[in-house]
Amino acid sequence: MDASAFPDDLVQAQRDFNATYQALAAPGRHGYTELRRRLLRLSVRILWHPFWTAHPAGAPAARIELRRQARTDRSEVRAA
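None of the values given here were measured: they were computed from a predicted structure. What you see as residue numbers is a count from 1 along each chain, following the sequence as written. For a predicted model such as this one, the threshold for reporting local features is a pLDDT of at least 70, and the threshold for listing and counting side-chain atom pairs is 80 or more; totals across whole chains, interfaces and linings nevertheless cover every residue. With hydrogens and water set aside, each side-chain value is computed from the structure's full complement of heavy atoms.

Draft legend 1. Local environment of the pattern of salt bridges. Salt bridges are defined by distance alone: a side-chain nitrogen of Lys or Arg within 4 Å of a carboxyl oxygen of Asp or Glu. Counted according to the given criterion, the structure contains two salt bridges. Across the salt bridge formed by R41 and E34, the nearest N and O atoms sit 3.1 Å from each other. Relative accessible area decides the class of each residue, using a 1.4 Å probe on protein chains only: under 20% of the type maximum gives buried, over 50% gives exposed, and in between gives partly exposed. Looking at R41, the relative accessible area reads 45%, which means it is partly exposed. R68 serves as the salt-bridge partner of E65, at 2.5 Å between the closest nitrogen and oxygen. Of this pair, E65 and R68 both sit in helix α4 (residues 59–79), three residues apart, which is roughly one turn of the helix. The class for E65 is buried, based on a relative accessible area of 16%. According to the relative accessible area criterion, R68 is partly exposed, its value standing at 35%. Put simply, DSSP marks the helices as runs of H or I at least four residues long and the strands as runs of E at least two long, and each gets a number from the N terminus on.

Draft legend 2. Quick peek at the packing of aromatic side chains. Put simply, two rings from Phe, Tyr or Trp (the six-membered ring, in Trp's case) pair if the centres are within 6.5 Å, and we call them stacked under 30 degrees between planes, edge-to-face over 60, tilted for the rest. The final tally for this structure, using the stated rule, is three aromatic pairs. Taking 5.3 Å as the distance between ring centres and 50° as the angle between the ring planes, the aromatic pair formed by F6 and F51 counts as tilted. Pair noted here: F6 is in the segment before α1 (8–25) and F51 is in helix α3 (residues 50–54), with a separation of 45 residues, a long-range link. Put simply, the rings of F6, F51 and W52 touch in pairs and so form one group of aromatic residues. Over a ring means this: the NZ of a Lys or the CZ of an Arg is within 6 Å of the ring centre and within 35 degrees of the ring normal. Above the ring of W52, the side-chain terminus of R63 is found at 4.3 Å from the ring centroid.

Remember that the coordinates give geometry; whether it matters functionally is a separate question.
Below, the structure is given as structure tokens:
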């Protein structure tokens, strides 16, 4: 799937989900409840995004590509 086909808000939601997940996995953190709630809100936002109703046939592969793109874009931003 063409990576540019993903709406910016969907990619940003996936990036936020990844960052929140990393924060939850970090040792010695406080505020687990708020992080878990944030993960739930972000997962709902990603799952019910209008993009998925427009592209239902390719959804499983597209979800994997979305996660890959969100990780890749973040590492490119850090390298710059």
